[in-house]
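Residues per chain are reported as follows:
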Amino acid sequence: MLALLAVLGLLAGRYVRTLAGAFTADPADTRAEARAAFTSLLRTPPVPAWPPGYELATAAVLVLVAWRSGLPYVYIALAGIVLAAIDWRTHRLPDVITLPSYPILALTLAPTGELPRALLGGLALAALYGVLWLVRPADLGLGDVKLAGLIGMAGAALSWQAWTVAALGGQFLGALYAVALLVTGRGTRQTQFPFGPFMLLGAFTALCLGR
């Protein structure tokens, strides 16, 4: 099963690459952008590109998450890769990917029997990030708040320990990156960087630790 998932991950990575390049930082029409992005998937051949960075990363993440946490968590891993790639390039987390992921994630988590806890965890982490957004709106976007709900769902479905690791891991990794920018002289206290990838890396760590 993991070998098959690795192959599927290599193919899915090609489409991750396409979506990652289809979104821009400040589109004039987000709906038109979304239509063009998903239409471009239809023209994308299911063949890994070179160098296969996206493809190898996607395959590795999907296999690790499935191995450590189970198949119900593969969707959030795949959606997370797409969102991290887009956010890193554009400093955006498109609603067209984030919002539909809520019902899809709920459906994939239903077989775990932990959907009520997942919903509670998603609400709790989204509320926490909502407070952080109100306190420091210049440092955190509404997209991060919406993403937090997805991360909270996946973490809580696995366990409250995983929820805690996912919640704190993103904050810790983001702070570590900010310190690295300061130490290396590549940034200042006012330097802005996308926070979504660090949130997702924290979630990935939680899922890889398992129950």
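Everything discussed here concerns the structure shown above.
Residues numbered from 1 in each chain as written. Predicted model: local features only at pLDDT ≥ 70, side-chain atom pairs only at ≥ 80, totals over all residues. Heavy atoms only, no water.

A. Region of interest: the packing of aromatic side chains. One pass over the full model with this rule turns up 6 aromatic pairs. Relative to F193, the ring of Y177 lies with its centre 5.0 Å away and its plane at 75 degrees, an arrangement referred to as edge-to-face. Of this pair, Y177 sits in helix α8 (residues 160-184) while F193 sits in the loop between α8 and α9 (196-209), placing them 16 residues apart in sequence. We note R68 situated over the ring of W67; from NZ or CZ to the ring centre the distance is 5.5 Å. (Phe/Tyr/Trp six-rings, centres within 6.5 Å; stacked < 30°, edge-to-face > 60°. Helix = DSSP H or I, 4+ residues; strand = E, 2+ residues; numbered from the N terminus. Lys NZ or Arg CZ within 6 Å of the ring centre and 35° of its normal.)

B. Focus on the environment of V74. Along the polypeptide, V74 turns up in helix α4 (residues 74-90). Look at V74 and you get buried, because its relative accessible area is 15%. As for V74 and I151, which are separated by 77 residues in sequence, their C-alpha atoms are 13 Å apart. Among residues more than four places away in sequence, those in contact with V74 are L5, L62, V65 and A66. (Buried < 20%, exposed > 50% of the residue type's maximum accessible area, 1.4 Å probe, protein only. Contact = heavy atoms within 4.5 Å.)

C. Up close: the packing of helix α7 (residues 142-158) against α8. Relative to each other, α7 and α8 sit at 145 degrees, their axes nearing to 5 Å. Like other packed secondary-structure pairs, α7 and α8 cross with a definite hand, here right-handed. Across the interface between the two elements, I151, G152, G155, A156 and L158 from α7 touch W160, A162, W163 and A166 from α8. When the residues that make up the contact of α7 with α8 are grouped by side-chain class, the tally is 7 nonpolar, 2 polar and no charged. (Axes fitted to C-alpha atoms, helices over the stretch in contact; angles between N-to-C directions. Left-handed = near helix turned anticlockwise from the far one by under 90°. Nonpolar A, V, L, I, M, F, W, Y, C, P; charged D, E, K, R; others polar.)

D. Main features of the packing of α8 against α9. Contact geometry for α8 and α9: axes closest at 7 Å, N-to-C directions at 140 degrees. The pairing of α8 with α9 is recorded here as oblique in orientation. The two elements α8 and α9 meet at a crossing, and its hand is right-handed. The segment α8 lies against α9, with A162, V165, A166, G169, G170, L173, G174 and Y177 engaging F198, M199, L201, G202, A203, T205, A206 and L209. Split into classes, the residues belonging to the contact of α8 with α9 amount to 11 nonpolar, 5 polar and no charged. (Parallel < 35°, antiparallel > 145°, perpendicular 65-115°, else oblique.)

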